[in-house]
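Read off the chains here:
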Amino acid sequence: MELNSGAILTAMVLGVLLTGAASWVVSGLYRRRMLALMKRSPPPDPAQAVAAARAPAPAKPVVTLDAVANRRASWRYLFAVSALSLLIGITQSVLALLFVYGAELLSVGRALTLGVVYAWPMALTWGLVRRWSWLRTLGAIGLYLLAMLALTLWRSVSPQPLATSLGWLGGLVLIPVLVTLVIGASGRIRAVAPYLLPIFLMLAASSVLTLQVMASGAQDPPGWVIRLVGAIGVWPAITVMAVAPWLLLAWPAWAIARSLARAYRAKRFSDLWYLLAAYWLVALGASALTALEAVGWMALTQFIPWLWIPLAAWGLRGWLAPHGAPPTLLVLRVFQQDVGVQTLFDRVVERWRLSGNTVLIAGTDLLSRTIDPDDVFTFLNGRLADRFVANEAQVAERLRDFDLAPDPDGRYRVNECYCYDSTWQQALAALVAQADVVLMDLRGFQARNQGCRHELGVLATASHLQRVVLLFDASTDRSTALADLAGAPAGRVVWVEAGRLQQRRVAQIVGALLGANSGSVSGEMVEAAR
């Protein structure tokens, strides 16, 4: 069958749009279901009740907090994904020169120059790793392309008009950037869309292929097509024929989704490398699409460099692997301040994940940052309620199921405890007992926030915690918080002003969490604040 670039582009656009729409619906239903379950208070289950007098928890071993190691791991990770981008770009350029542009053009200098240009998703990867805003990520892509424009004009064999070079670069970037914006720019769908994308791309491709086959036989259509059009009309018939393949692909699509969730559970990949692979697949697909009409099936060689991603993920496991026992960070916050805590998660917790585990009580405010393939398909299976703990025994069981081993890329996962309104205090006690360090966002805290005040009281009496970092701003009622912290051991609690999470402030917060010299932290010890 002859490859049709228009049909492939149509399938890609349709798949992306369907992914965006479906993700919007799924994320909204997920949030609504979570809120409904959180407010539910199931009756106590005598069969699972736990005696009030429990054996004390075993002593928690002391772990090392190392801010220097975290910085090294951060730069090592960024170097690894940057080198991978260059490797993919250079491989793609060699294949393009061999099979697309013509083997007579292949030379070391030309392959390297074109390879650096093809490696433009490196800028997208930086934004992904550093959790930049989309505006900053687009700015980085723009600066990278400007540098590549200068490089191509300098290295060009024959002078090229500026408009020609800009059009070529734009053709490389436009489709991938639009796709990533659709599936990742919205905070509501950014955690869901990448996992639904393969499913809807497959469904969209089946619809376009079916319509292509039907169009090729339009001169002599089957009798059933004529009867269908006569019964319901032309456009309804086209819609039926476009959607009909979905019935056949429903089970395979669901099987792919479940396999994806199982692979994530089994640590075959990390969330970050899944996104990296998805974005690179779209970028390579855009390059193949532009070459399709000229060289036909040989354009598919542009997908070969993608194989470097699973190979690199396997080969870099030892180099990226963390060393020593990982500390555990408990994240607490004032609820109903979604934007602020999401920014905090992006800039602070994502850096912490290179050093240790993160645990928290699940909430809708961080849904777009913590949901993973397992969560998505657990919800779609109608089993989200199974994640919620109804009593103390289930809290202990849930904590035993936490995934505390590092991913293949050396980063640790975020583990959540899903709680009803009647069980969150038991979950808090268990999470505090498991934690080594606590980050509590008290921006906007007031005396009326009784849940936060209970948390402060628990932290004050937890003798094993190495460090408690409290963030505040101008609206924080610090006097109430200090009163609730009465009795906390000297030197443990650090206050950090975090009205604006600029880069310098983020570094101070991470340093405070990882035991950096308190003199470098813009804040005061609790005792000094009294």
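Look up a bit, the structure's there.
As the structure is a computational prediction, the values presented were derived from the model and not from experiment.

## Observations regarding the overall build of the chain
Here is step 1: The helix and strand inventory of the chain stands at 21 helices and 8 strands.
Here is step 2: By its C-alpha atoms, the chain is 80 × 65 × 40 Å across when sized along the principal axes.
Here is step 3: Going through the 530 residues of the chain one by one, you find that 48% of them count as buried.
Here is step 4: Counted over contacts in the chain with a minimum sequence separation of 6, partners at least 24 positions apart contribute 82%.
Here is step 5: Put simply, the chain shows about 24800 Å² of open surface, and 64% of that area lies on carbon and sulfur atoms.
Here is step 6: Averaging the locations of the 45 positively and 32 negatively charged side chains of the chain gives two centres separated by 3 Å.

## Here we look at the pairing of strand β4 (residues 414-419)
Here is step 1: A large share of β4 lies buried, amounting to 6 of its 6 residues.
Here is step 2: Bridging between strand β2 (residues 357-361) and β4 involves 4 bridges; their strand directions are parallel. When the bridges of β4 are listed, V359 appears paired with N415.
Here is step 3: Examined bridge by bridge, strand β3 (residues 388-389) and β4 share 2 bridges and lie parallel to one another. Looking across to β4, one finds that F388 is bridged to Y418.
Here is step 4: Taken together, β3, helix α16 (residues 392-400) and β4 constitute a β-α-β crossover, and its handedness is right-handed.

## Section: the nonpolar core
Here is step 1: W120 and L196 are the most contacted members of the largest nonpolar core, which has 82 residues in total.
Here is step 2: Sequence-distant contacts of W120, that is, excluding residues within four places in its chain, are made with I141, Y144, L145, L172, V173, P176, V177 and A283.

What counts, and where the lines are drawn
- Residues numbered from 1 in each chain as written.
- Predicted model: local features only at pLDDT ≥ 70, side-chain atom pairs only at ≥ 80, totals over all residues.
- Heavy atoms only, no water.
- Helix = DSSP H or I, 4+ residues; strand = E, 2+ residues; numbered from the N terminus.
- Buried < 20%, exposed > 50% of the residue type's maximum accessible area, 1.4 Å probe, protein only.
- Contact = heavy atoms within 4.5 Å.
- Areas by Shrake-Rupley, 256 points an atom, 1.4 Å probe, with all protein chains shown as cover.
- Lys, Arg positive; Asp, Glu negative; His and termini not counted.
- Charge placed at Lys NZ, Arg CZ, Asp CG, Glu CD.
- Pairing = 2+ DSSP bridges.
- Right-handed = clockwise from strand over helix to strand, strands pointing away.
- Core = buried A, V, L, I, M, F, W, Y, C linked by side-chain atoms within 4.5 Å.

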